[in-house]
Amino acid sequence: MSTEQSNADRSPQDIAKEAAGRHAASYVTDGMRVGLGTGSTVHWTIIELGERALDIVCTSTSVQTHELATSLGLKVISPDEIGALDIAIDGADEVDPAFNLTKGGGAAHTREKIVASMSPRFIIVVDESKLVPALGPFGTPLEVLDFAPGVVTTAVEALGASAVTTRDRRSDNGNLIMDAQFGTIADPVALGIALANTPGIVEHGIFPGSMVERVVIAGLDGVRELVNDQR
Ligand code: 5RP
């Protein structure tokens, strides 16, 4: 089946995800230690890295990504084994104008934040739909210890959440995944700090813009990049 025929069966968003994901692989060169994110956009970065057969070592942010990467012949070792990274590439659920991110749509944000923190370069791959004027509409994913989820819910509501729901699926770490609705988040960095200080929350899905080097965005007009000059 030709690319043209297969694209006819795909949504413009899916085609954009592939374009952004594959484009970001161009930042990876031989000898690099690479952090691999999770999701349907970075999926294509991993595919591209597998196709290029580069001499790289990777660490992954989920079981799903580990299985994909190893099936393509990429060498994947644990974060502790790899120690530090040259680059990490991942998707996002929301990107605001200050490069703040919402992540965790795929329940992998705890491992994603650890892996991103290991790299001086954190590159985000998205389709246009992920760009928002302010974080919030997606909800804020929370990984929560299954000890006192009701207590955590009350604490998150006290921070301004109008609703907190629990997903059916747990994280790869065996913890609960909740989604908190804060409406439009005026100060995502401050909210992130407050959530991080809430006992029982293992990790929240707000990634401050200071972590992000650039965002690779694909849409109907092709691929463009936003570079974070403020870091
Ligand atoms: C997983 C994530 C993903 O990066 C995020 O959900 C974006 O996924 P996709 O590229 O499939 O839209 O944070 O926890």
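The structure under discussion appears in the preceding block.
Before going into details, it helps to say that this report is about the structure given with it.

What counts, and at which threshold
Residues numbered from 1 in each chain as written. Predicted model: local features only at pLDDT ≥ 70, side-chain atom pairs only at ≥ 80, totals over all residues. Heavy atoms only, no water. Near = heavy atom within 4 Å. Polar contact = N/O pair within 3.5 Å; in protein donor to acceptor, adjacent residues only side chain to side chain. Areas by Shrake-Rupley, 256 points an atom, 1.4 Å probe, with all protein chains shown as cover. 1 Å grid on protein atoms, 1.4 Å probe; cavity = no way out; pocket = protein on both sides within 12 Å on 5 of 7 lines; lining within 4 Å. Sits in = over half its atoms within 2 Å of the grid points. Pairing = 2+ DSSP bridges. Helix = DSSP H or I, 4+ residues; strand = E, 2+ residues; numbered from the N terminus. Axes fitted to C-alpha atoms, helices over the stretch in contact; angles between N-to-C directions. Contact = heavy atoms within 4.5 Å. Core = buried A, V, L, I, M, F, W, Y, C linked by side-chain atoms within 4.5 Å. Buried < 20%, exposed > 50% of the residue type's maximum accessible area, 1.4 Å probe, protein only. Salt bridge = Lys/Arg side-chain N within 4 Å of Asp/Glu carboxyl O.

The next subject is the site of the ligand. Near the ligand lie 18 residues; those nearest to it are Ser40, Thr41, Asp93, Gly104 and Lys130. Taking Thr38, its main chain carries an N or O atom lying 3.0 Å from an oxygen atom of the ligand. One of the side-chain nitrogen or oxygen atoms of Asp90 is found 3.4 Å away from an oxygen atom of the ligand. When the ligand is considered free in solution it has 370 Å² of accessible area, and contact with the protein chains removes 92% of it. Most atoms of the ligand, that is more than half of them, are within 2 Å of grid points of the largest pocket.

The strands making up a sheet associate through backbone hydrogen bonding, with each pair oriented either parallel or antiparallel. The strand order E9-E10-E8-E11 describes an open sheet built from four strands, whose pairing is antiparallel. The strands lining the two open edges of the sheet, one partner per strand, are strand E9 (163-166) and strand E11 (201-204). The average angle at which neighbouring strand axes cross in this sheet is 30°, direction not considered. Where strand E8 (residues 140-144) lies against strand E10 (residues 176-181), five bridges are found, and the strand directions are antiparallel. Paired with Leu142 across the two strands is Met178, which belongs to E10. The strands that helix H6 (residues 109-117) touches are E8, E10 and E11; relative to E11, the one it contacts most, it runs at about 65°.

This paragraph deals with the nonpolar core. Of all hydrophobic cores here, the largest spans 26 residues; its most connected members are Val28, Val34, Leu49, Ile56, Ile87 and Ile89. Secondary structure elements with two or more residues in this core: helix H2 (12-24), strand E1 (33-36), helix H3 (42-52), helix H4 (63-71), strand E4 (87-90), strand E7 (122-127) and strand E13 (214-219). If one sorts the elements of this core by residue count, H3 sits on top with five residues. The next biggest cluster of nonpolar side chains, apart from the first, holds 18 residues, and it includes Ala88, Val115, Phe122 and Met211.

Taken as a whole and assessed by the stated rule, the structure comprises 15 salt bridges. Of the charged contacts in the structure, one is a salt bridge between Glu48 and Arg22, with a shortest N-O distance of 2.7 Å. Of this pair, Glu48 sits in helix H3 while Arg22 is found in helix H2, placing the two residues 26 residues apart along the sequence. Assessed through its relative accessible area of 13%, Glu48 is described here as buried. Its salt-bridge partner being Lys113, residue Glu203 comes within 2.9 Å of it at the nearest N-O pair. In this pair, Glu203 is assigned in strand E11 and Lys113 in helix H6, connecting sequence segments 90 residues apart.

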